Amino acid sequence: LVLLTTRLPLDEQTSKWDTMTAALLSSIDLVSLRGYLLTGAFVLIATVFLLGKNAKASSVDLKDKPRGATETKRRREITKCPFSNEAAFIQETTEHLPPSPLDLYEDWVDHLATRWLAAGLSGQDTPGFLRAGLKRLRHSRHFLVEEPHRIKEELLLKKKNLDDPALYDEKFVAEEQSLDAQLETLQLFVAYLPDRYPEMYSYNKQEHSITVHPIETTFYIHEWMDRPLELCERIVQEDLILMRPGPALEDAKHGSEGYYMSAAAVCFSFNKLKEKLGKPAEFLHAPVPGYEHHLRKTMNMMFSKLKVEQPLWRNNWGIAPTGTLDEPLYGSDEARESRKMNEEVTEQDVKSMFLKVEYQTIRRLPRSGYLLFTVKTMVDGLDGLEHVPAKAAKCLAASIRGMSKDMRAYKGIENEQSCVAVLKYLDSVGN
């Protein structure tokens with residue numbers, strides 16, 4: 001026991017040592033075996049208590065460390081909105097997480113849609129199994145991703161869509177109950193954008209206005225209080241969707257029965273918004289093959305457990321016949337027909353097509369509890385794969401080979417001939 005206990009640290013343990021020593025010395029006068037056994041038991045219990053306490057204390061710094069990491073750095077970022085003066089932006093920075101493609105290829109100015117493939121992330125890279133591909137957002141810098149050389153063109157394209165009375169109802173929809181979450185989203189943007197991109201955004205506290213410098217336009221917030229999410233859509237390149245929790249499950253630990261679209265401002269990602277208002281998340285891009293079997297329960301649980309300070313991101317891809325940004329690839333029968341390849345497609349035809357990649361983030365809003373989905377759509381010629389690391393083409397080919405026939409058809413590769421043509425082109429680039 002003495003050999004064992006001498007391995008304990010001596011600091012802050014003096015009183016405990018005195019107590020143990022006194023008990024041990026007093027036991028010397030005991031002459032019965034029973035006395036010795038009781039004394040030994042007392043010292044053993046005291047020793048185990050001290051060992052356990054010290055072990056617990058020494059584990060405090062290690063309990064949050066991932067395998068292989070020597071140190072975990074976490075910093076909580078809280079930013080107040082200058083309009084509401086409330087804490088609107090909250091995020092935990094976790095630099096120990098692997099860098100994302102936006103970190104790895106931060107200096108790229110061309111072929112931006114290929115960044116995720118160049119990093120080996122197709123978003124669908126588990127053969128025979130549909131996966132969400134959700135990852136923790138490493139830091140706040142990649143929440144809203146503005147591309148300076150494209151922002152003017154894309155915001156003007158959004159303005160054209162939203163200003164068209166014939167298109168408006170298909171580009172912005174909202175339930176009445178979503179208004180508070182919409183305002184909360186606007187407050188988050190007002191807090192985040194001028195701080196993250198001061199060269200592109202500025203906020204005037206006296207006028208309560210935000211100026212978007214690339215399009216030389218000032219928006220006065222009080223004019224948008226009945227549709228705050230539309231204003232958000234007009235000032236960033238992302239499309240925006242607000243999801244409300246569904247009915248609570250009887251088993252409280254599993255949260256709610258899914259999340260439902262409560263408001264959306266979408267110009268580039270998918271269409272038929274009116275049909276999707278109030279519908280579950282899986283219907284945003286139309287029913288995805290395998291979603292019900294592989295993902296629905298898992299996604300509902302992940303969304304229910306999502307913490308305010310720990311947003312997520314994911315990416316996916318599509319092959320489009322044109323590079324027109326405001327012709328969505330998903331969301332309707334018309335969109336599916338537009339992306340479908342015919343049987344006569346050749347390798348040269350494939351080369352002239354376009355790669356569309358979506359970078360999505362998902363975060364919980366602290367006040368309303370709604371989920372905010374942001375969708376950044378990027379489009380480049382598919383032949384851009386020839387100008388980036390070969391790993392990008394290999395990654396896309398591996399993703400297609402691992403898909404079920406139904407998922408390939410969902411991506412527009414509906415027959416064997418078109419699949420052969422696509423893979424032949426990608427293999428020629430990858431090799």
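Our structure's up above, just so we're on the same page.
Every value quoted in this text rests on a predicted model; they were computed, and no experiment measured them.

The rules behind the values
- Residues numbered from 1 in each chain as written.
- Predicted model: local features only at pLDDT ≥ 70, side-chain atom pairs only at ≥ 80, totals over all residues.
- Heavy atoms only, no water.
- Helix = DSSP H or I, 4+ residues; strand = E, 2+ residues; numbered from the N terminus.
- Buried < 20%, exposed > 50% of the residue type's maximum accessible area, 1.4 Å probe, protein only.
- Contact = heavy atoms within 4.5 Å.
- Areas by Shrake-Rupley, 256 points an atom, 1.4 Å probe, with all protein chains shown as cover.
- Salt bridge = Lys/Arg side-chain N within 4 Å of Asp/Glu carboxyl O.
- Pairing = 2+ DSSP bridges.
- Axes fitted to C-alpha atoms, helices over the stretch in contact; angles between N-to-C directions.
- Phe/Tyr/Trp six-rings, centres within 6.5 Å; stacked < 30°, edge-to-face > 60°.
- Lys NZ or Arg CZ within 6 Å of the ring centre and 35° of its normal.
- Core = buried A, V, L, I, M, F, W, Y, C linked by side-chain atoms within 4.5 Å.
- Left-handed = near helix turned anticlockwise from the far one by under 90°.
- Nonpolar A, V, L, I, M, F, W, Y, C, P; charged D, E, K, R; others polar.
- Parallel < 35°, antiparallel > 145°, perpendicular 65-115°, else oblique.
- Polar contact = N/O pair within 3.5 Å; in protein donor to acceptor, adjacent residues only side chain to side chain.

### A few points about the overall build of the chain
For the chain, the count of helices and strands is 16 helices and 12 strands. The buried share of the chain, taken over its 431 residues, is 51%. Counting only contacts in the chain whose residues sit at least 6 apart along the sequence, the fraction spanning at least 24 positions is 70%. Roughly 21,300 Å² of accessible area belongs to the chain as shown, and the carbon and sulfur atoms make up 55% of that amount.

### With respect to the pattern of salt bridges
Inspection of the entire model under this criterion finds 21 salt bridges. A salt bridge links Arg150 to Glu147; its shortest N-O distance comes to 3.8 Å. For the pair shown, Arg150 and Glu147 are each scored as buried. Ionic contacts of the salt-bridge type, sharing partners, join the residues Arg115, Glu147, Arg150, Glu154, Lys376 and Asp380 into one network.

### Quick look at the sheet that holds strand 7 (residues 217-220)
Spatial strand order, 5-6-7: three strands in an open sheet with antiparallel pairing. Unpaired on one side and paired on the other, strand 5 (201-204) and strand 7 mark the two borders of the sheet. Adjacent strand axes in the sheet meet at a mean angle of 20 degrees when their direction is disregarded. As defined by bridge partners, strand 6 (residues 209-212) adjoins strand 7 across four bridges and the pair is classed as antiparallel. In the strand pairing of strand 7, Ser209 is matched with Tyr220. Contacts from helix 8 (residues 179-196) reach strand 5 and strand 6 within the one sheet, and its direction differs from that of strand 5 by about 125 degrees. Helix-sheet contacts for helix 9 (residues 228-235) involve strand 5, strand 6 and strand 7, and the interaxial angle to strand 7 is about 165 degrees.

### Remarks on the pairing of strand 8 (residues 239-245)
Of all seven residues in strand 8, six are buried; the element is thus mostly enclosed. Bridge count for strand 8 against strand 12 (residues 371-381) is five bridges, and the pairing is antiparallel. Bridging from a neighbouring strand, Ile241 pairs with Phe373 of strand 12. In this sheet, strand 9 (residues 259-265) lies alongside strand 8 in antiparallel orientation, the contact comprising six bridges. Bridging across to strand 9, Ile241 finds its partner in Ala264.

### Here we look at the sheet that holds strand 9
Pairing is antiparallel in the open sheet, where seven strands are placed in the order 3-10-11-12-8-9-4. Looking at strand neighbours, the two that pair on one side only are strand 3 (135-136) and strand 4 (172-174), the edges of this open sheet. Set on the sheet, helix 8 makes contact with strand 4, strand 8, strand 9, strand 11 (354-364) and strand 12; between it and strand 8 the angle comes to about 135 degrees.

### Observations regarding helix 9
Of all eight residues in helix 9, eight are buried, a share of seventy percent or more. Listed as buried for helix 9 are Pro228, Leu229, Glu230, Leu231, Cys232, Glu233, Arg234 and Ile235.

### Some remarks on unusual backbone geometry
Look at His208: it is not a glycine, yet its phi comes out positive at around 50 degrees. The topology assignment puts His208 in the loop between strand 5 and strand 6. Within the chain, Lys272 stands out as a residue other than glycine whose phi angle is a positive 60 degrees. A relative accessible area of 26% places Lys272 in the partly exposed class.

### Re the packing of aromatic side chains
Evaluated as defined, the whole model comprises 10 aromatic pairs. An angle of 35 degrees between the planes, with centres 4.5 Å apart, marks the rings of Tyr105 and Trp108 as tilted. Taken together, Trp116, Trp313 and Tyr359 form an aromatic cluster joined through their ring pairs. In this arrangement the basic side chain of Lys135 is found over the ring face of Trp313, its NZ or CZ atom lying 5.3 Å from the centre. Looking at Arg339, its charged tip hangs above the ring of Tyr410, at a distance of 5.1 Å from the centre.

### Looking at the side chain of Asn271
Its place among the elements puts Asn271 in the loop between strand 9 and helix 10 (273-276). Aside from chain neighbours lying at most four places away, what touches Asn271 is Lys276, Pro328, Tyr330, Gly331, Ser332 and Ala335.

### Focus: the nonpolar core
Among the nonpolar cores identified, the biggest contains 109 residues, and Phe189, Tyr201 and Ile241 are the most heavily contacted of them. Looking at this core, the element that brings in the most residues is helix 8, giving eight residues. Among all residues touching Ile241, those that are not within four sequence positions of it are Met261, Ala263, Ala264, Val266, Phe270, Leu284, Leu371, Leu372, Phe373 and Val375.

### Here's the deal with the packing of helix 8 against helix 9
Their axes nearest at 7 Å, the elements helix 8 and helix 9 cross at an angle of 35 degrees. Crossing of helix 8 over helix 9 shows left-handed handedness. Two secondary-structure elements touch here, helix 8 through Leu179, Gln182, Leu183, Thr185, Leu186, Phe189 and Leu193 and helix 9 through Pro228, Leu229, Leu231, Cys232 and Ile235. A breakdown of the residues in the contact of helix 8 with helix 9 according to their chemical character gives 10 nonpolar, two polar and no charged.

### Some details on the packing of helix 14 (residues 391-401) against helix 16 (residues 416-430)
Contact geometry for helix 14 and helix 16: axes closest at 8 Å, N-to-C directions at 150 degrees. As summarised for this structure, helix 14 and helix 16 are arranged roughly antiparallel, according to the angle between their axes. Regarding helix 14 and helix 16, the two cross each other, and that crossing is left-handed. Residue-level inspection shows Ala393, Lys394, Leu396, Ala397, Ile400 and Arg401 of helix 14 in contact with helix 16, the latter providing Cys419, Val422, Leu423, Leu426, Asp427, Val429 and Gly430.

### What to know about the environment of Arg401
Inspection of the secondary structure puts Arg401 in helix 14. Overall, Arg401 belongs to the partly exposed group, its relative accessible area being 44%. Sequence-wise, Arg401 and Cys419 are 18 residues apart; in three dimensions their C-alpha atoms are separated by 9.0 Å. Here the side chain of Arg401 touches Asp427 through a polar contact of 2.6 Å, side chain to side chain.

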